[in-house]
Amino acid sequence: MFKRYKALPGWLRWGLEILLVVLIIFAIRSYQSPTLESGTAPDFSGVTLAGEQVSLAGYAGEPLLLVVWAEWCPICRIELPMLTGLLEDHQVLTLAIQSGSDNQVRQFLDEQQLSHLPVLNDSQGELASALGVRGVPVMYIIDSSGQIRFTEVGLTSSWGLRARLWWVG
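The structure presented is a predicted model; accordingly, all values stated were derived computationally and were not measured.

### Observations regarding helix 7 (residues 158–168)
Restricting attention to buried positions, one finds in helix 7 the residues Gly-160, Leu-161, Leu-165 and Val-168. Angular distribution of buried residues about the axis of helix 7 spans 135°; they occupy a single face of the element. Away from the buried face of helix 7 by more than 90 degrees, exposed residues Trp-159, Trp-166 and Trp-167 are located. The secondary structure elements touched by the buried residues of helix 7 are strand 4 (64–69), helix 4 (83–87), strand 7 (138–142) and strand 8 (147–153).

### Concerning the side chain of Thr-156
In this fold, Thr-156 is placed in the loop between strand 8 and helix 7. Not counting residues up to four positions away in its chain, the partners in contact with Thr-156 are Glu-79, Met-82, Met-139, Leu-161 and Arg-164.

### Here's the deal with unusual backbone geometry
Look at the link from Val-136 to Pro-137: it is a cis peptide, with omega at 0°. On the secondary structure map, Pro-137 appears in the loop between helix 6 (126–130) and strand 7. Positive phi is not limited to glycine here, since Gln-98 has a value of about 45°. As for its placement among the helices and strands, Gln-98 is situated in the loop between strand 5 (91–97) and helix 5 (102–111).

### Examining the nonpolar core
One finds Leu-65, Val-68, Trp-69, Val-133 and Tyr-140 to be the most contacted residues of the largest nonpolar core, which totals 46 residues. Per-element accounting of this core gives the leading share, 6 residues, to strand 4. Filtering out sequence-adjacent residues up to four positions away, Leu-65 remains in contact with Leu-83, Leu-86, Gln-91, Val-92, Leu-93, Met-139, Tyr-140, Ile-141, Leu-161 and Leu-165.

### Some remarks on the sheet that holds strand 5
The strand order across the open sheet formed by 6 strands is 1-8-7-4-5-6, and the pairing between neighbours is mixed. Edge positions in the open sheet fall to strand 1 (39–40) and strand 6 (119–122), since each of these has one partner strand only. As paired elements, strand 7 and strand 8 share 5 bridges and run antiparallel to each other. Bridging from a neighbouring strand, Tyr-140 pairs with Thr-151 of strand 8. Against the sheet, helix 5 touches strand 4, strand 5 and strand 6, its axis set at about 135° to strand 6. Most of the contacts of helix 7 go to strand 8, to which it runs at about 170°, and overall it touches strand 4, strand 7 and strand 8.

The rules we used
- Residues numbered from 1 in each chain as written.
- Predicted model: local features only at pLDDT ≥ 70, side-chain atom pairs only at ≥ 80, totals over all residues.
- Heavy atoms only, no water.
- Buried < 20%, exposed > 50% of the residue type's maximum accessible area, 1.4 Å probe, protein only.
- Helix = DSSP H or I, 4+ residues; strand = E, 2+ residues; numbered from the N terminus.
- Arc of directions from axis to C-beta.
- Contact = heavy atoms within 4.5 Å.
- Core = buried A, V, L, I, M, F, W, Y, C linked by side-chain atoms within 4.5 Å.
- Pairing = 2+ DSSP bridges.
- Axes fitted to C-alpha atoms, helices over the stretch in contact; angles between N-to-C directions.

Shown next as C-alpha cells:
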C-alpha cells in the first residue's frame with residue numbers, strides 16, 4: 001500500500017496529506033465543540049474573585065463575552081491577555097473551571113498579570129457543564145436578551161471577537 005502511495009505524483013500526495021490534516025483538525029474541533037452552541041444561555045449567578053456579585057440578568061441590555069478557561073490550558077494562557085483590550089469596550093466575564101480554589105486562581109492571575117479580569121471560579125465545573133463545555137478555551141457571545149449567538153472553541157483573535165460583539169450589539 002505504501003508503495004502505491006509513493007508512486008503517486010508529488011502534487012497528489014501533498015493534496016492527500018493536506019486533506020488528512022484538515023480532516024483531523026475538523027474532527028478535533030467537532031469533538032471539543034460544546035453541546036450548547038446556541039439558544040438561551042443558562043442562568044447563573046455568583047461572586048467574582050474581586051467580590052462582585054454577577055448574574056446573567058445583570059448583563060442584560062448589552063452583549064456579553066463569556067470566556068471559559070482553565071489554569072492548566074496552554075491555549076488559555078495565550079488567549080487570556082488579549083481580553084484586556086476588550087474590557088474597555090465590552091462586557092466580559094471569564095469562568096475559570098477546574099483550576100483550584102479561589103486563592104489558587106488568584107495566584108495564577110497575579111503571576112500572569114491578569115488580576116484585573118472579572119473571574120468566576122467554577123471549581124467543580126457546574127456552570128461549564130450547564131454550558132456543555134467539553135474543552136477549553138470556549139468563548140460564548142451572548143446577546144442582550146440572553147441568547148447565545150456565537151460560540152468559538154480554541155484560539156481566536158481579539159478582532160474576531162470584537163467583530164462578533166459588534167454584530168450582536
